[in-house]
Amino acid sequence: MTDIPPTLTALTAYLLSRVGKTARGRVAARLGERDLRFWHMSMLAALADFGPHSQRELGARLGIDPSDVVKALDELTAAGWAERTRDPADRRKVRVVVTPEGRAALAGMVRDTESLQDELLAPLNPRERARLHDLLLKVFDRP
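What comes next is a walk through the structure. (Residues numbered from 1 in each chain as written. Predicted model: local features only at pLDDT ≥ 70, side-chain atom pairs only at ≥ 80, totals over all residues. Heavy atoms only, no water.)

### Observations regarding the overall build of the protein
Item 1. A tally of regular secondary structure across the protein gives 7 helices and 3 strands.
Item 2. The order of helices and strands in the protein, counted from the N terminus, is α-α-α-β-α-α-β-β-α-α.
Item 3. C-alpha extents for the protein along the principal axes are approximately 60 × 35 × 30 Å.
Item 4. For the protein, the proportion of its 143 residues judged to be buried stands at 27%. (Helix = DSSP H or I, 4+ residues; strand = E, 2+ residues; numbered from the N terminus. Buried < 20%, exposed > 50% of the residue type's maximum accessible area, 1.4 Å probe, protein only.)

### Regarding unusual backbone geometry
Item 1. A positive phi angle, close to 55°, is found at Asp35, a residue other than glycine.
Item 2. Within the secondary structure, Asp35 is located in the loop between α2 (12-32) and α3 (38-50).

### Quick look at the pattern of salt bridges
Item 1. Scanning all chains against the criterion turns up 6 salt bridges.
Item 2. Note that Glu119 and Arg26 form a salt bridge whose closest N and O atoms lie 2.4 Å from each other. One end of the pair, Glu119, is in helix α6 (residues 100-120); the other, Arg26, is in helix α2, and 93 residues separate them in sequence.
Item 3. A salt bridge links Asp112 to Arg30; its shortest N-O distance comes to 3.9 Å. Within this pair, whereas Asp112 is found in helix α6, its partner Arg30 is found in helix α2, the two being separated by 82 residues in sequence. (Salt bridge = Lys/Arg side-chain N within 4 Å of Asp/Glu carboxyl O.)

Following this line, the structure appears as structure tokens:
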């Protein structure tokens, strides 16, 4: 870190950016080993946590472009991790659900990410990790 200007390392926003970029890159690389992207994990998590969505709702919830949602869902359905079905309340709509295989795949992605997280946060003790998480949630949840 000695070759980074102190003016930058004095900025919390800079440090968050650098640590975030490193974390995202490592997660992306790990997922990439299985030909997956972060949006695959994000979509499976949203479906597992919140239940069925329309494609449009899923994209809006996660901030993913509609054309990318279609592509990612094509990949998830081809893998057997998600299914598209007609919405029983409105047959014109398609809803997306996570399959049991998708839940298992998500669990594996989460385990891999937690392992990388442990490596990234190794300099912190468990109490510091919990505090960091709480502080980041506070900033993240701010309107």
